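Working through the structure, step by step
Here's the letter readout for the chains.
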Amino acid sequence: KKNSYVFSLTIIGLLYFIFGFITWLNNLLIPFLKTACQLPDSTAYLVTFAFYISYFIMALPSSWILKKTGFARGMSLGLLVMAVGSLVFIPAARERSYILFLVGLFVQGTGLALLQTAANPYVTILGPIESATKRMSIMGLFNKVAGIIGIFVLSKALLSNFDTVTTNIQKASGNAQINLLNQLASRIITPYIIIAIGLVLLAVMVYIANLPDIEPEETI
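Residues numbered from 1 in each chain as written. Predicted model: local features only at pLDDT ≥ 70, side-chain atom pairs only at ≥ 80, totals over all residues. Heavy atoms only, no water.

A word on the overall build of the chain. The secondary structure content of the chain amounts to 11 helices and 0 strands. Shown N-terminal to C-terminal, the secondary structure of the chain runs as helices and strands in the order α-α-α-α-α-α-α-α-α-α-α. The C-alpha radius of gyration of the chain comes to 19 Å, within 12% of the 17 Å expected for a compact globule of 220 residues. Residues classed as buried in the chain amount to 46% of the 220 residues present. Approximately 11400 Å² of the chain is accessible, and the part contributed by carbon and sulfur atoms is 65%. In the chain, 14 side chains carry a positive charge and 8 a negative one; their mean positions are 9 Å apart. (Helix = DSSP H or I, 4+ residues; strand = E, 2+ residues; numbered from the N terminus. Rg over C-alpha atoms; globule rule 2.2 N^0.38 Å. Buried < 20%, exposed > 50% of the residue type's maximum accessible area, 1.4 Å probe, protein only. Areas by Shrake-Rupley, 256 points an atom, 1.4 Å probe, with all protein chains shown as cover. Lys, Arg positive; Asp, Glu negative; His and termini not counted. Charge placed at Lys NZ, Arg CZ, Asp CG, Glu CD.)

Written out as structure tokens, the structure is:
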């Protein structure tokens, strides 16, 4: 039915928005964590490694999990795993622990790998096969727009007056410097709490949306 088709495609569009939003935020986290955790350049770029290595590790397990849960529930599970990864940023910020930040990023990437594995086939089956390429292009647009919005919004929260803050940190020493670093790190807590809440709400929405499930043969 047309209404069901539009609703289902809207849900998948929101998921592609999440793909872009979460992935593109890594570009902001590199300079932010480099300063907040006082890291050299080489170590700061582990942000990207920790996130994307989860895709490699989850390549085969994702298929096994989706066979157990089904594709629709698998998407909800992926969103919940991403929410857990976002919440790990809270203790990471309070302790200014780079290791914990990397753990949170890995967990986020794990959930995103599962979510993408489950969501991608829907773009093909939700509608005529002849227009599948068109739908993929639209989903790609959701992805790119989300990245632009994510960077714009989070940069306001994390990198506001960043040059001034960095200069003040470099000039300070002892407890004064530690206090400035703690204040900078705490900026990340509220945005990632909001992200976690949004992911949980979307997981519930996907779960109750009664999306058509996919048999493994349909994804070929």
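This is not the end of the story, as more comes after the structure.
The subject of this paragraph is the pattern of salt bridges. What the rule picks out here adds up to 1 salt bridge. For D41, the salt bridge is made with K34, and the minimal N-O distance between the two is 2.3 Å. Relative accessible area serves as the criterion here: at 32%, K34 is assigned to the partly exposed category. (Salt bridge = Lys/Arg side-chain N within 4 Å of Asp/Glu carboxyl O.)

This brings us to the packing of aromatic side chains. Here the structure, examined in full by the defined rule, presents 7 aromatic pairs. Geometrically, the ring pair formed by F17 and F21 is stacked, given 6.2 Å between the ring centres and 20 degrees between the ring planes. Of this pair, F17 and F21 both sit in helix 1 (residues 2–24), 4 residues apart, roughly one helical turn. Classification of F21 by relative accessible area gives buried; the value is 17%. Connected via pairs of aromatic rings, a cluster forms that spans F51, Y52 and Y55. (Phe/Tyr/Trp six-rings, centres within 6.5 Å; stacked < 30°, edge-to-face > 60°.)

This part is about the side chain of Q116. Within the element layout of this structure, Q116 appears in helix 7 (residues 98–125). Side-chain polar atoms of Q116 contact the side chain of Y55, separated by 2.7 Å. Excluding its chain neighbours within four sequence positions, the residues that come into contact with Q116 are F19 and Y55. (Polar contact = N/O pair within 3.5 Å; in protein donor to acceptor, adjacent residues only side chain to side chain. Contact = heavy atoms within 4.5 Å.)

Two quantities define a packed helix pair, namely the angle between the axes and the distance from one axis to the other. Helix 10 (residues 174–186) packs onto helix 9 (residues 162–171) with a crossing angle of 155 degrees between their chain directions and a minimal axis gap of 9 Å. It follows from the interaxial angle that helix 9 and helix 10 lie roughly antiparallel. For the crossing formed where helix 9 meets helix 10, the hand is left-handed. When helix 9 is examined against helix 10, the residues F162, V165, N168 and I169 are found in contact with a partner set consisting of Q177, L180, L181 and L184. Of the residues in the contact of helix 9 with helix 10, the class split is 6 nonpolar, 2 polar and no charged. (Axes fitted to C-alpha atoms, helices over the stretch in contact; angles between N-to-C directions. Parallel < 35°, antiparallel > 145°, perpendicular 65-115°, else oblique. Left-handed = near helix turned anticlockwise from the far one by under 90°. Nonpolar A, V, L, I, M, F, W, Y, C, P; charged D, E, K, R; others polar.)

Another aspect to go through is unusual backbone geometry. The phi dihedral of Q38 falls on the positive side, at around 55 degrees, and the residue is not glycine. Position of Q38 relative to the elements: it lies in the loop between helix 2 (26–36) and helix 3 (41–44). Given a relative accessible area of 44%, Q38 falls into the partly exposed group. Despite not being glycine, N161 shows a phi value in the positive range, around 55 degrees.

Right, let's talk about the nonpolar core for a bit. With 69 residues, the main nonpolar core has I12, L15, L29, M75, L79 and I188 as its most contacted residues. Per element, the largest residue contribution to this core is 12 residues, and it comes from helix 7. When residues no more than four places from it in sequence are discounted, the contact partners of M75 are I12, L15, L115, A118, A119, Y122, V206 and L211. (Core = buried A, V, L, I, M, F, W, Y, C linked by side-chain atoms within 4.5 Å.)

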